[in-house]
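Now for the letters of each chain:
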Amino acid sequence: MNIAAVTSQNESDSPGAITLLWRMDWQAFWLTFRLALIVTALLLALGLPLAYWIAFSRWRWKFLFEAFVALPIVLPPTVLGFYVLIALGERSPLGRWWESMTGHTLAFTFEGLVIGSVLYSLPFAVQPFAASFSAVDSRLLNASAVLGVAKFRTFWRVIVPLSFSGLVTGVALTFAHTIGEFGVVLMVGGNIPGVTRTLSINIFDQVQDLNYAGANATALVLIAIAFVLLSIVYSLNRSVWSIWPRP
Amino acid sequence: MATTVDRVNPRTALYPTNGTGLQVRVRRTLAGDAGGFELDVAFALEKGITILFGPSGAGKTTLLDCIAGLTNPDQGRIVAGGRVLFDSEEQSNLSTTERNIGYVFQDLALFPHLTVEANVAYGLGGLRAEDRKQRVAGALESLGILVLRRRRPAELSGGERQRVALARTLVTQPSVLLLDEPLAALDLPVRMKIADDLRRSIQALPIPVFYVTHSRDEVFMLGERMLMLERGKIIAEGTPHQVMSAPRSETVAQLAGFENVFEAQVTSVHEERGTMTCEILSSGAKARVSGTADGTAEAVPFQNLEREGRSGSNAIELETPLVRAEVGTKLRVGISAGDVLLATSAPLGLSARNILTGRLLSLSQRDMIVVARVDCGVEMSVHLTLAARDSLELRPGRQVWLIVKTHSCHLLAG
């Protein structure tokens with residue numbers, strides 16, 4: 001199953017690009033890709049209303065919620081992973097409910113991994129969304145209201161188009177961050193090939209096996225993906241202003 | 001008010017209903033920089049243009065925001081087009097989206113990501129696509145911006161944006177139109193032309209149009225009626241001519257453009273002639289007042305008076321129009337610098353009743369106007385043309401005569 005492991009004895013060979021790709025753990029690659037896609041989609045659905053609330057609510061204790069959302073940025077992934085593991089386990093109401101519904105626990109499953117990743121990547125979606133929502137000129141929102149257009153439609157017709165760069169930034173960062181996470185995955189999902197073994201775990205495994213060439217191949221792919229995504233983010237944040245200059 | 005439409009106006013045709021006016025009673029505390037004050041107004045508007053005039057910070061925009069529902073009065077009642085929009089006693093308060101108030105903001109607030117056509121169609125989401133298209137095309141055409149329909153706001157001139165904002169608002173058939181200093185963002189040279197376009201676009205509307213400005217020129221150009229707002233209160237009301245030519249407070253005087261404001265006291269009343277005589281006590285509280293459009297005043301002390309020994313002994317009297325006042329009443333007299341004639345020799349055989357003599361203090365040029373300061377017991381500013389200055393060979397120190405018609409002396413409450 002793990003192709004790279006077979007060739008791990010030939011480390012001294014200087015491998016070409018094709019060989020490097022051959023040594024990739026493609027199963028881990030697709031698993032990671034699938035995870036990032038699902039987490040990004042969920043965070044888009046969850047992050048837009050959350051960000052809207054953060055950007056426009058006048059609730060005085062809002063800052064507490066903002067701090068809570070930002071926690072994953074500063075906490076060690078193991079802390080978050082630990083509590084998610086507890087919350088998903090047999091002893092928690094959520095874990096028991098899931099077990100009664102599906103017959104197995106959430107811990108060490110792909111679904112559990114999705115839940116952990118959504119929490120872990122939350123600030124990477126919500127913060128750019130909220131920042132770009134609040135950057136939309138409030139006078140445009142007043143104009144929309146005066147023209148008789150309700151808040152929900154104003155959101156889709158004015159706020160979202162004018163926050164486009166922030167939305168792409170949030171999506172790209174969420175995707176890249178989910179691909180790159182390690183600690184939460186290891187805590188919540190463990191290391192089950194085809195179920196919870198993502199690329200970053202795979203690199204850790206390969207290094208443990210002294211399979212440096214395989215680790216190198218996987219690491220290079222991750223670097224390439226991250227670089228491409230960040231380039232998209234920065235190029236969009238640059239060019240949006242030249243497409244839609246403010247009057 | 002309903003039936004007479006003397007000219008066929010495409011926009012009037014857009015309106016199936018006639019507006020039934022706007023009634024406003026609003027009280028709201030404003031947190032201003034200088035301690036704050038209370039906005040406390042009550043008025044009613046019928047169809048046609050009404051100007052809301054006043055210095056910046058008087059509460060004009062807050063009043064419009066209250067009508068549009070962008071902010072709430074502490075107390076009051078707002079009725080537009082026969083619907084109660086706000087009533088603090090009945091606890092009713094329609095949201096902005098339900099109010100059907102047309103509001104053109106000072107900065108227009110066009111949607112930068114939408115074309116002209118999409119901007120204008122923006123408020124018509126509830127219509128069928130066909131109707132919407134037709135309505136938008138009609139509005140674009142009547143404002144002469146059909147050719148711009150595929151452009152974005154960034155590709156438009158100031159005047160074009162103005163018309164797009166107006167089209168976007170009118171197409172929703174509001175029951176009241178609010179315009180907040182719609183020309184303030186434009187350059188001076190085009191402003192008057194666009195003001196004229198704007199007047200033609202809005203004067204035939206069958207709804208009340210409430211037009212906020214602090215420009216005198218716009219008042220006279222657009223207004224049929226005006227309200228004067230100062231520190232949250234309506235201090236004058238009437239036709240622009242009534243309000244601006246007989247202002248009743250000093251702020252109004254400065255706004256209305258009286259460069260000369262004097263404290264005076266009535267010395268005799270001539271009922272049969274419709275005039276009275278006033279003695280100038282001093283120049284107004286702020287000495288000579290150089291009125292500027294925004295109401296700031298520049299004070300010039302009277303250092304020359306005592307030296308020439310003229311004040312006190314030789315009282316200056318002005319003949320003014322008659323107002324309800326008794327001998328001894330103190331009031332202010334406002335004289336526009338453009339209404340004063342200047343002569344280099346004693347004039348004879350004039351109809352004007354007020355001839356003052358004095359010495360020229362200084363001449364200074366402002367654009368195409370020469371401002372002459374004359375000490376004739378009090379200091380008076382006179383506006384001259386460049387040609388007049390040159391042909392009269394004026395220089396400081398020269399004796400001159402100032403001629404002021406009785407009806408150029410405007411009386412203000414003391």
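Being a predicted model, the structure only gives us computed values, none of them experimental. (Residues numbered from 1 in each chain as written. Chains lettered and ligands numbered in written order. Predicted model: local features only at pLDDT ≥ 70, side-chain atom pairs only at ≥ 80, totals over all residues. Heavy atoms only, no water.)

Draft legend 1. Just the overall build of chain A, in detail. Looking only at helices and strands, chain A features 13 helices and zero strands. The linear arrangement of helices and strands in chain A, starting from the amino end, is α-α-α-α-α-α-α-α-α-α-α-α-α. Residues counted as buried form 45% of the 247 residues belonging to chain A. The contacts of chain A with a sequence gap of at least 6 include a subset with a gap of at least 24, amounting to 73%. If you sum the accessible surface of chain A, you get close to 12,900 Å²; carbon and sulfur atoms cover 70% of it. (Helix = DSSP H or I, 4+ residues; strand = E, 2+ residues; numbered from the N terminus. Buried < 20%, exposed > 50% of the residue type's maximum accessible area, 1.4 Å probe, protein only. Contact = heavy atoms within 4.5 Å. Areas by Shrake-Rupley, 256 points an atom, 1.4 Å probe, with all protein chains shown as cover.)

Draft legend 2. Structural view of the overall build of chain B. Summing up its helical and strand segments, chain B has 12 helices and 21 strands in all. Taken over 414 residues, chain B has a buried fraction of 50%. Sequence-distant contacts, at least 24 apart, represent 67% of the contacts inside chain B between residues at least 6 apart. For chain B, the exposed surface amounts to about 18,900 Å²; the carbon and sulfur share of it is 48%.

Draft legend 3. Region of the structure containing the interface of chain A and chain B. Residue-level contacts link 20 residues of chain A with 23 residues of chain B. Across the chain A/chain B interface, buried area totals approximately 2,000 Å², and carbon plus sulfur atoms make up 71% of it. Summed over the shared surface of chain A and chain B, the number is one salt bridge. Note that Arg-139 of chain A is salt-bridged to Asp-107 of chain B, the shortest N-O span being 2.5 Å. Across the chain A-chain B interface, the total number found is four residue pairs in polar contact (both at pLDDT 80 or more). Elements that contribute at least two residues to the side of chain A that touches chain B include exactly helix H8 (138-146) and helix H9 (151-162) of chain A. Ranked by residue count, the leading element in the side of chain A that touches chain B is H8 of chain A, at seven residues. Its residues assigned to classes, the side of chain A that touches chain B comprises 13 nonpolar, four polar and three charged. (Buried area = accessible area lost by both parts, 1.4 Å probe. Salt bridge = Lys/Arg side-chain N within 4 Å of Asp/Glu carboxyl O. Polar contact = N/O pair within 3.5 Å; in protein donor to acceptor, adjacent residues only side chain to side chain. Nonpolar A, V, L, I, M, F, W, Y, C, P; charged D, E, K, R; others polar.)

Draft legend 4. Main features of the side chain of Asp-205 of chain A. In this fold, Asp-205 of chain A is placed in helix H12 (residues 199-208). With relative accessibility at 15%, the residue Asp-205 of chain A sits in the buried group.

Draft legend 5. Highlighting the layout of surface pockets. Approximately 700 Å³ is the volume attributed to the second largest pocket. Every residue lining the second largest pocket is counted, 19 residues in all, and those nearest its centre are Arg-58, Leu-141, Asn-142, Ala-145 and Lys-151 of chain A. For the lining of the second largest pocket, the elements supplying multiple residues, two or more each, are helix H3 (26-56), H8 and H9 of chain A together with helix H3 (96-99) of chain B. In terms of residue class, the lining of the second largest pocket is made up of eight nonpolar, nine polar and two charged. (1 Å grid on protein atoms, 1.4 Å probe; cavity = no way out; pocket = protein on both sides within 12 Å on 5 of 7 lines; lining within 4 Å. Points joined across faces, edges and corners; volume = space filled by probe spheres on them.)

Draft legend 6. Broad picture of the nonpolar core. Judged by nonpolar contacts, the single largest core of 68 residues is most densely connected at Phe-133 of chain A together with Leu-63, Leu-178 and Phe-210 of chain B. For this core, the leading source of residues is helix H7 (residues 110-135) of chain A, giving 10 residues. Once residues lying within four places of it in the same chain are set aside, the contact partners of Leu-63 of chain B are Val-24, Val-26, Leu-39, Val-41, Phe-43, Leu-52 and Phe-210 of chain B. (Core = buried A, V, L, I, M, F, W, Y, C linked by side-chain atoms within 4.5 Å.)

Draft legend 7. Spotlight on the pattern of salt bridges. Tallied over the entire structure, the rule returns 13 salt bridges over all chains. For Glu-90 of chain B, the salt bridge identified is with Arg-77 of chain B, shortest N-O distance 3.4 Å. You can see Glu-90 of chain B sitting in the loop between strand S5 (83-87) and strand S6 (92-93) and its partner Arg-77 of chain B sitting in strand S4 (residues 75-80), a full 13 residues away along the chain. We note a salt bridge from Asp-131 of chain B to Arg-128 of chain B, for which the minimum N-O separation is 3.5 Å. Asp-131 of chain B gets classed as partly exposed once you look at its relative accessible area, which sits at 30%. For Arg-128 of chain B, a relative accessible area of 55% gives the class exposed. Because the salt bridges share partners, they merge into one network encompassing Asp-137 and Arg-139 of chain A together with Asp-107 of chain B.

Draft legend 8. Inspection of the sheet that holds strand S18 (residues 369-375) of chain B at higher detail. Residues and elements named next belong to chain B. Here we have five strands laid out as an open sheet, ordered S16-S20-S17-S18-S19, and antiparallel in their pairing. The sheet terminates laterally at strand S16 (341-343) and strand S19 (379-385), the two strands that pair on one side only. Ignoring strand direction, the axes of neighbouring strands in this sheet form an average angle of 45 degrees. (Pairing = 2+ DSSP bridges. Axes fitted to C-alpha atoms, helices over the stretch in contact; angles between N-to-C directions.)

Draft legend 9. A look at the sheet that holds S5 of chain B. All names here are of chain B. Within the open sheet, the five strands sit side by side as S2-S1-S4-S5-S6. Their pairing is antiparallel. With one partner strand each, in any of the chains shown, strand S2 (37-45) and S6 form the two edges of the open sheet. Sheet strands touched by helix H2 (residues 60-68): strand S1 (22-30), S2, S4 and S5. Its angle to S1, the strand with the most contacts, is close to 120 degrees.

Draft legend 10. Structural context of the packing of aromatic side chains. All names here are of chain A. All chains considered together, the criterion is met by 18 aromatic pairs over all chains. Aromatic pair Phe-33 and Phe-175: ring centres 5.7 Å apart, planes at 80 degrees, arrangement edge-to-face. Pair noted here: Phe-33 is in helix H3 and Phe-175 is in helix H10 (residues 164-180), with a separation of 142 residues, a long-range link. Classification of Phe-33 as partly exposed rests on a relative accessible area of 32%. In this structure Phe-175 comes out as buried when scored by relative accessible area, which is 11%. A ring pair is formed by Phe-152 and Trp-156, whose centres lie 6.3 Å apart and whose planes are at 75 degrees; its orientation type is edge-to-face. Here Phe-152 and its partner Trp-156 are both found in helix H9, four residues apart, which amounts to about one turn of the helix. For Phe-152, a relative accessible area of 63% corresponds to the exposed category. When its relative accessible area of 43% is taken as the criterion, Trp-156 is described as partly exposed. Members of the aromatic cluster, joined through ring pairs, are Tyr-52, Phe-56, Phe-133, Phe-152, Phe-155 and Trp-156. (Phe/Tyr/Trp six-rings, centres within 6.5 Å; stacked < 30°, edge-to-face > 60°.)

Draft legend 11. Region of the structure containing the environment of Arg-152 of chain B. Residues and elements named next belong to chain B. Position of Arg-152 relative to the elements: it lies in the loop between helix H5 (129-142) and helix H6 (158-170). With 40 residues separating them along the chain, Arg-152 and Pro-112 place their C-alpha atoms 6.6 Å apart. Polar side-chain contacts of Arg-152 include one of 2.5 Å to the backbone oxygen of His-113.

Draft legend 12. Molecular detail of the confidence of the model for chain B. Residue and element names in this part refer to chain B. Mean pLDDT over chain B works out to 79, with 81% of the residues at or above the 70 mark. For residues 1-14, every residue scores under 50 in pLDDT, and the model assigns this stretch 20 contacts once sequence neighbours within four places are set aside. Below a pLDDT of 50 lies the segment residues 284-313, which in the model reaches 63 contacts outside its immediate sequence neighbourhood of four places, other chains included. (pLDDT = per-residue confidence, 0-100.)

Draft legend 13. Highlighting the environment of Val-371 of chain B. Residue and element names in this part refer to chain B. On the secondary structure map, Val-371 appears in strand S18. With 12 residues separating them along the chain, Val-371 and His-383 place their C-alpha atoms 4.8 Å apart. Contacts of Val-371, omitting those with residues within four sequence positions, involve Ser-362, Leu-363, Ser-364, Arg-366, Ser-381, Val-382 and His-383.

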